[in-house]
Amino acid sequence: MSERFEGNFTQQEPISEDAIAAAVAVLRSGRLHRYNTASNEPGEVALLEQEFAAFTGAKYCLAVASGGYALGCALRALDVAPNEPVLTNAFTLAPVPGAIAALGARPVFVEGTENLTIDLDDLTAKAKASGARVLMLSHMRGHLCDMDALMEIARAHDLRVIEDCAHTMGASWAGVPSGRHGVIGCYSTQTYKHINSGEGGLIVTDDPELAARMILLSGSYMMYPRHLAAPAPEVFEALKYDTPNVSGRMDSLRAAILRPQLAELPERVARWNRLYGAMEAGLTGAPGVALSERSQAEHYVGSSFQFRLPGRDGERMADFVARCAARGVELKWFGADEPAGFTSRHDSWRYAEAQAMPKTDAVLATLLDLRLPLTFSESDAAQIARIIRDELSG
Ligand SMILES: *Cc1c(COP(=O)(O)O)cnc(C)c1O
């Protein structure tokens, strides 16, 4: 009898008792809106913002309703206009091109590499050809490109960089936290990311005017002086009558459960990286498998694992995925003809102009991905790798 994996790839850890107690306290108070606070009570949302600013080393932080909202808010703060070209990865998740399209702007896709990072040569070419002012850079599946080289290109072409750190909260490049290279960093606190409030987002920046705009955009009802990780009230004076309210605040209940999780994040990152290490050890040297190369400068969070099976055609890829699934190993294949359960391919975003992305398509054709929830043990990861190895010979 061949072994079968019995774990659940979408089962997160429970919310800790500390976080549950904090949530119950908010519920008992009845004060769930971020600005509905008792006198002298800063409120959970303002405290979360202060703590996340400290965690990333940013001057300013704003908590919002989702990661997708954070991206849209960043684009609005940078005054992205209808029809304006915005550079972004051809391989990312749907909320990224969606945020650009929601403003009536035009996603201009940039190719990706075999290590699942943005292709810097294509970025240079597309920056020149499009004349874009903004790059929305997605650190898809937690892979960081050479951020120093990217920022050089951004400077040379006057690109303002928004970082989509949905998969890199807690990661860094050359010691600089992900989200702190560009002008604005956006994070998600949705259930499948690194801290879990069901839905939610965080935004960081050092730019006082952008921070003030984003706070006003999120719907601050002139209560911005109540923020603890915000610029001085004077910065708002010049903006407060001209910035539309596009409500997307975070509420106190979510902030209350995120604060204890943020404190636990470094320990969680260490656990994720042990799972990632067990997968890597199990698949290193497996025939026909290409693993991602990670730079010494990259401190990543291994909350998911990717590998490629170069040379396999679509039929053999589909067959491999089915055989692994039959043994309890759920793999996502980014090369399938029809998107199922998620959309991460430029050609399934037909609201954007069709663009030829041969290099990205070639990578995605044999790219497989699996989640590593913290409910898995290292021996679970080793078993998953064994099953994958076993099925490779088929
Ligand atoms: C999850 C995710 C987002 C944000 O998603 P929300 O569900 O809106 O929080 C953005 N980019 C990527 C790559 C993601 O995976």
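What counts and how
Sequence order as written defines residue numbering, which begins from 1 separately in each chain. This being a predicted model, a pLDDT of at least 70 is required before a residue's local features are given, and a value of 80 or more before pairs of side-chain atoms are given or counted; all residues contribute to the totals for chains, interfaces and linings. Each side-chain value is derived from all of the structure's non-hydrogen atoms; neither hydrogens nor water enter the calculation. When a carboxyl oxygen of Asp or Glu lies within 4 Å of a side-chain nitrogen of Lys or Arg, that pair is called a salt bridge. Here's how the labels work: a residue is buried when its accessible area is under 20% of the maximum for its type, exposed when over 50%, partly exposed in between, all with a 1.4 Å probe on protein chains only. Secondary structure elements are taken from DSSP: a helix is a run of H or I of four residues or more, a strand is a run of E of two residues or more, and numbering for both begins at the N terminus. Two residues form a contact once any of their heavy atoms are found within 4.5 Å. Comment: axis = line fitted to C-alpha atoms, over the contacting stretch for helices; angle = value between 0 and 180 degrees taken between N-to-C directions. An angle below 35 degrees is treated as roughly parallel, one above 145 as roughly antiparallel, one from 65 to 115 as roughly perpendicular, and anything else as oblique. By definition, turning the near helix anticlockwise from the far helix through less than a right angle yields a left-handed crossing, and turning it clockwise yields a right-handed one. Under this grouping Gly is polar, as are all residues other than the nonpolar Ala, Val, Leu, Ile, Met, Phe, Trp, Tyr, Cys and Pro and the charged Asp, Glu, Lys and Arg. The criterion for strand pairing is that DSSP finds at least two bridges linking the strands in question.

Digging into the pattern of salt bridges
Phase 1 of the analysis: By the definition in use, this model includes 27 salt bridges.
Phase 2 of the analysis: Put simply, E6 and R4 hold a salt bridge, and the shortest N to O gap is 3.6 Å.
Phase 3 of the analysis: Judged by its relative accessible area of 63%, E6 is exposed.
Phase 4 of the analysis: When the shortest N-O distance is used, the salt bridge between R213 and E209 registers 3.2 Å. Taken together, the positions of R213 and E209, both in helix α7 (residues 208–217) and 4 residues apart, correspond to about one turn of that helix.
Phase 5 of the analysis: Judged by its relative accessible area of 39%, E209 is partly exposed.
Phase 6 of the analysis: What emerges from the salt-bridge pattern is a single network uniting D319, R323, R327, D390 and E391.

Quick look at the environment of G201
Phase 1 of the analysis: Looking at the element boundaries, G201 is found in strand β9 (residues 201–205).
Phase 2 of the analysis: Measuring from C-alpha to C-alpha, the distance between G201 and G335 comes to 29 Å, with 134 residues separating the pair along the chain.
Phase 3 of the analysis: The residues touching G201, leaving out its near neighbours within four places in the chain, are L62, A63, V64, A65, S66, G67, Y187, S188, T189 and M250.

Quick notes on the packing of helix α3 (residues 67–77) against α7
Phase 1 of the analysis: Look at α3 against α7: their axes get within 9 Å of each other, and the N-to-C directions meet at 125°. By the angle class used here, α3 and α7 are oblique. In this structure, α3 meets α7 at a crossing whose hand is right-handed. Note on element contacts: α7 touches α3 through L210, R213, M214 and L217, opposite Y69, C73, A74, R76 and A77.
Phase 2 of the analysis: In terms of residue class, the contact of α3 with α7 is made up of 7 nonpolar, no polar and 2 charged.

Examining the sheet that holds strand β5 (residues 160–164)
Phase 1 of the analysis: Reading across the sheet, the 7 strands line up as β1-β9-β8-β5-β4-β2-β3 and stay open at both edges, with mixed pairing between neighbours. Bordering the open sheet on either side are β1 (60–64) and β3 (106–110), each of which pairs with just one other strand. On average, adjacent strands in this sheet sit at an angle of 20° to one another, irrespective of strand direction.
Phase 2 of the analysis: Here strand β2 (residues 85–89) pairs with β3 via 5 bridges, running parallel. Bridging across to β3, N89 finds its partner in V110.
Phase 3 of the analysis: Sheet strands in contact with helix α2 (residues 44–56) are β1, β8 (184–188) and β9, and its direction is about 130° off that of β1.
Phase 4 of the analysis: In the packing of helix α6 (residues 147–156) onto the sheet, the strands contacted are β4 (134–138) and β5, and the crossing angle to β5 comes to about 145°.

Purely geometric stuff here, so don't read any function into it on its own.
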